[in-house]
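Chain by chain, the residues run as shown.
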Amino acid sequence: MGNVYVVDLLNYSVKKFGPNGNYLLSIGTTVQFTSPQGVAVDSKGNIYVTDWSGARQNVQEFGPDGTYIAAFVSGHPWGIAIDAVGNVYVSDFNNNNVTKYSPAGVALLTIGSGQLSSPTYVALDSAGNVYVVDLGNNRVAKFDPTGAYLSRIGVVNSRGVALDAVGDIFVASTSTVVEYNASGTLLATFSLSGVQAIAIQ
């Protein structure tokens, strides 16, 4: 088990907890963040946080100890994911796309322009395919590593997307979590209430 990182929107921060739930540190304040939305951690333990609204609207990088490293601008960033080599994928809610950045924050690729509407959460599989919660189109859209559109899973009011080790796709909506295989075939449905986000170990 690893550390757990939680976006604390009301306290303008990200909280880091150890594997046993022990509190380790808090990152950010009202000076640092306006509206923190997404968080991801790279293989070195560096922490990336999207700040969705207000004066900043950027992605900020912190070291494992919470020390500020850098920031780069990304429109209205919401969801964030990091691949095995440290590239950062950020959904832009207002500009309706996902941008792939190098670890240094250099834009490398724009995904979904003209195809997405209010994208929120983003996830990656082991092959580098990109899964985007396309909120305005009531679906999860799948793109290949070059940004080419591949397929869709229709879900109303999706609250998140995550993949497990074998590539099965879990999509959360307000009242269910639905599991699909990599081909988009329905495998299972879990009935819940008040779902807001999802993660898979």
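Residues numbered from 1 in each chain as written. Predicted model: local features only at pLDDT ≥ 70, side-chain atom pairs only at ≥ 80, totals over all residues. Heavy atoms only, no water.

A few points about the overall build of the protein chain
Now for step 1: Looking only at helices and strands, the protein chain features zero helices and 19 strands.
Now for step 2: Relative to the compact-globule value of 17 Å for 201 residues, the protein chain shows a C-alpha radius of gyration of 16 Å, a close match.
Now for step 3: If one aligns the C-alpha atoms of the protein chain with their principal axes, the spans along those axes are about 45 × 35 × 30 Å.
Now for step 4: The proportion of buried residues among the 201 residues of the protein chain is 49%.
Now for step 5: Considering only contacts within the protein chain whose residues lie at least 6 apart along the sequence, 27% involve residues at least 24 apart.
Now for step 6: Carbon together with sulfur atoms contributes 53% to the accessible area of the protein chain, which is approximately 9400 Å² in total.
Now for step 7: When the 9 positive and 13 negative side-chain charges of the protein chain are each reduced to one mean point, those points stand 4 Å apart. (Helix = DSSP H or I, 4+ residues; strand = E, 2+ residues; numbered from the N terminus. Rg over C-alpha atoms; globule rule 2.2 N^0.38 Å. Buried < 20%, exposed > 50% of the residue type's maximum accessible area, 1.4 Å probe, protein only. Contact = heavy atoms within 4.5 Å. Areas by Shrake-Rupley, 256 points an atom, 1.4 Å probe, with all protein chains shown as cover. Lys, Arg positive; Asp, Glu negative; His and termini not counted. Charge placed at Lys NZ, Arg CZ, Asp CG, Glu CD.)

Concerning unusual backbone geometry
Now for step 1: Positive phi, normally seen in glycine, also occurs at Tyr12, with a value near 50°.
Now for step 2: Along the chain, Tyr12 turns up in the loop between strand S1 (4–8) and strand S2 (13–17).
Now for step 3: In this structure Tyr12 comes out as partly exposed when scored by relative accessible area, which is 31%.
Now for step 4: Even without being a glycine, Ser118 presents a positive backbone phi close to 55°.
Now for step 5: By secondary structure assignment, the location of Ser118 is in the loop between strand S11 (107–111) and strand S12 (119–124).

Remarks on the nonpolar core
Now for step 1: The biggest cluster of nonpolar side chains holds 15 residues, and the ones touching the most others in it are Tyr131, Val140, Ile153, Val161, Ile169, Val171 and Tyr180.
Now for step 2: Secondary structure elements with two or more residues in this core: S12, strand S13 (130–134), strand S16 (160–163), strand S17 (169–172) and strand S18 (176–180).
Now for step 3: The residues contacting Ile153, other than those within four sequence positions of it, are Asn138, Arg139, Val140, Ile169 and Tyr180.
Now for step 4: Ranked by size, the runner-up nonpolar core spans 11 residues in total, among them Ala81, Val98, Val122 and Phe143. (Core = buried A, V, L, I, M, F, W, Y, C linked by side-chain atoms within 4.5 Å.)

Overview of the packing of aromatic side chains
Now for step 1: By the definition in use, this model includes nine aromatic pairs.
Now for step 2: Their ring planes at 45° and their centres at 4.6 Å tell us that Phe72 and Tyr101 sit as a pair that is tilted. Here Tyr101 lies in strand S10 (residues 97–101) and Phe72 lies in strand S7 (residues 68–73), a separation of 29 residues in the sequence.
Now for step 3: For Phe72, a relative accessible area of 12% translates into the label buried.
Now for step 4: Take Tyr101: its relative accessible area is 6%, and that puts it in the buried class.
Now for step 5: Considering the side-chain rings of Trp78 and Phe93, the 5.2 Å spacing of their centres and the 25° angle between planes classify their relative orientation as stacked. Taken as a pair, Trp78 in strand S8 (residues 77–82) and Phe93 in the loop between strand S9 (88–92) and S10 lie far apart in primary sequence, 15 residues in all. When sorted by exposure, Trp78 lands in the same class as Phe93, which is buried.
Now for step 6: Here a set of aromatic residues connected by ring pairs shows up, and it is made of Trp52, Trp78, Phe93 and Tyr121. (Phe/Tyr/Trp six-rings, centres within 6.5 Å; stacked < 30°, edge-to-face > 60°.)

Looking at the sheet that holds S8
Now for step 1: Read across the sheet, four strands follow the order S8-S9-S10-S11 without closing on themselves; strand pairing throughout is antiparallel. Only two strands of the sheet have a single partner each, and these edge strands are S8 and S11. Each neighbouring strand pair of the sheet contributes to a mean axis angle of 20°, computed without reference to strand direction.
Now for step 2: Direction of pairing for S9 relative to S10: antiparallel, over a ladder of five bridges. What sits directly across from Ser91, in S10, is Val98. (Pairing = 2+ DSSP bridges. Axes fitted to C-alpha atoms, helices over the stretch in contact; angles between N-to-C directions.)

Some words on the pattern of salt bridges
Now for step 1: The tally for this structure, following the rule as stated, stands at two salt bridges.
Now for step 2: We note a salt bridge from Lys15 to Asp8, for which the minimum N-O separation is 2.9 Å. Note on accessibility: Lys15 and Asp8 belong to one class, buried.
Now for step 3: The residue Arg139 makes a salt bridge to Asp134 at a minimum N-O spacing of 2.7 Å. (Salt bridge = Lys/Arg side-chain N within 4 Å of Asp/Glu carboxyl O.)

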